[in-house]
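So the chains spell out like this:
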Amino acid sequence: MLSACLEFLGMGLCLLGSLLVMVACGLPMWKVTAFIDMNIVVAQTTWDGLWMSCVVQSTGQMQCKMHDSVLALSQDLQTARALTVIAAVLGVAGLVLTIAGAQCTNCIKTESVKAKVVNAGGVVYIISGLLVLIPLCWMANNIIVDFYNPDVSSSKKREIGAAIYIGWAATALLLLGGTLLCCSCPQGGKSAYPINYAPTKTISANGHFDKRHYV
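Residues numbered from 1 in each chain as written. Predicted model: local features only at pLDDT ≥ 70, side-chain atom pairs only at ≥ 80, totals over all residues. Heavy atoms only, no water.

The name an unreviewed UniProt entry assigns to the protein is Claudin, from the organism Coregonus suidteri. What the UniProt record of the protein gives under Function (unreviewed entry) is the line "Claudins function as major constituents of the tight junction complexes that regulate the permeability of epithelia." (UniProt positions renumbered as here; feature names shortened; annotations may be inferred.)

Structure representation (structure tokens):
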């Protein structure tokens, strides 16, 4: 029963982490305008994302523009694009594996094979979390370095956006959930839901049930 609880908890955490990866991938708030001047009243705020850049006016109006060319992007944005998409695809693949090998499904009959499939799903989720973590830390490091670089003008300095924090939360959920899935398999590949069958009553030679089965 404990293994089944760990399996359900791990699947829930990994599913939530995969959804957050997709949300972080689509949000344009990876880099946001840094307010470091004396005058805090600004006319517009700039958001830079993996797929588009947005300008939010002080009146509340927002205009977004898709990136014209992939090759024109910085190296960290190109890497973040590729790795986050791969991580999202791995999240879907991990979900298929864990559902196929879950103890509450009958997709696979052999218990030992089901345990190996769930382990494989947990490993896939862990890899997905690591792939997301790489571009997040790389981009956050570049933002911090540029922020404290005196050679970079104030108008080009950026701060860490909400999408990066969402990505870090997704990474933590994927790593934790994948670890739980790897540890959720019952000992010796036995099912967490044992089935106990009652002994079959034998019939004596005269056609009656054996009296030994009666109390």
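### Topic: the overall build of the protein
Each helix and strand counted, the protein has four helices and five strands in total. Helices and strands in the protein line up, N terminus first, as α-β-β-β-β-α-α-β-α. Across the 215 residues that make up the protein, the buried fraction comes to 36%. Sequence-distant contacts in the protein: of pairs separated by 6 or more residues, those separated by 24 or more amount to 66%. Of the roughly 12,800 Å² of accessible surface on the protein, a fraction of 67% belongs to carbon and sulfur atoms. (Helix = DSSP H or I, 4+ residues; strand = E, 2+ residues; numbered from the N terminus. Buried < 20%, exposed > 50% of the residue type's maximum accessible area, 1.4 Å probe, protein only. Contact = heavy atoms within 4.5 Å. Areas by Shrake-Rupley, 256 points an atom, 1.4 Å probe, with all protein chains shown as cover.)

### Notes on the packing of aromatic side chains
This structure, assessed with the given rule, holds two aromatic pairs. Here Phe147 and Tyr148 contribute two aromatic rings whose centre-to-centre distance is 5.2 Å and whose plane-to-plane angle is 80 degrees, an arrangement assigned as edge-to-face. Phe147 gets classed as partly exposed once you look at its relative accessible area, which sits at 23%. Tyr148 sits in the exposed class, given a relative accessible area of 65%. With centroids separated by 5.7 Å and ring planes inclined at 75 degrees, the aromatic side chains of Tyr165 and Trp168 adopt a geometry described as edge-to-face. Remark: Trp168 and Tyr165 occur in helix α4 (residues 162–183); sequence separation between them is three residues, near one turn of the helix. Residue Trp168 is classed as partly exposed on the basis of its relative accessible area, which comes to 29%. We note Lys157 situated over the ring of Phe147; from NZ or CZ to the ring centre the distance is 5.9 Å. (Phe/Tyr/Trp six-rings, centres within 6.5 Å; stacked < 30°, edge-to-face > 60°. Lys NZ or Arg CZ within 6 Å of the ring centre and 35° of its normal.)

### Re the state of the cysteines
Applying the stated criterion across every chain, the model contains one disulfide. There is a disulfide in this structure between Cys54 and Cys64, and the S-S distance comes to 2.1 Å. Between Cys54 and Cys64, the S-S torsion sits near 110 degrees, and that sign places the bridge as right-handed. Linking Cys54 in strand β3 (residues 52–57) with Cys64 in strand β4 (residues 62–66), this pair joins segments that are ten residues apart in sequence. Unpaired in this structure, Cys182 has its nearest cysteine sulfur neighbour in Cys183, at a distance of 6.5 Å. (Disulfide = S-S within 2.5 Å.)

### Considerations on the pairing of strand β2 (residues 44–48)
Examined bridge by bridge, strand β1 (residues 31–33) and β2 share two bridges and lie antiparallel to one another. Across the sheet, Val32 pairs through a bridge with Trp47, a residue of β2. Bridging between β2 and β3 involves five bridges; their strand directions are antiparallel. Bridge pairing in β3 places Thr45 opposite Val56. (Pairing = 2+ DSSP bridges.)

### So, the nonpolar core
In terms of nonpolar packing, the biggest core is built from 25 residues, with Val21, Trp30, Leu50, Met139, Ile164 and Leu181 touching the most fellow members. Broken down by secondary-structure element, the contributors of at least two residues to this core are α1 (2–26), α2 (75–101), α3 (111–147) and α4. Per-element accounting of this core gives the leading share, seven residues, to α3. Among residues more than four places away in sequence, those in contact with Met139 are Trp30, Lys31, Leu50, Asp76, Leu77, Ala80 and Ile164. (Core = buried A, V, L, I, M, F, W, Y, C linked by side-chain atoms within 4.5 Å.)

### Things to note about the pattern of salt bridges
A complete count under the given rule lists three salt bridges for this structure. A salt bridge links Arg158 to Asp48; the shortest N-O distance between them is 3.3 Å. Linking Arg158 in strand β5 (residues 158–160) with Asp48 in strand β2, this pair joins segments that are 110 residues apart in sequence. Residue classification places Asp48 among the buried residues on the basis of a relative accessible area of 18%. (Salt bridge = Lys/Arg side-chain N within 4 Å of Asp/Glu carboxyl O.)

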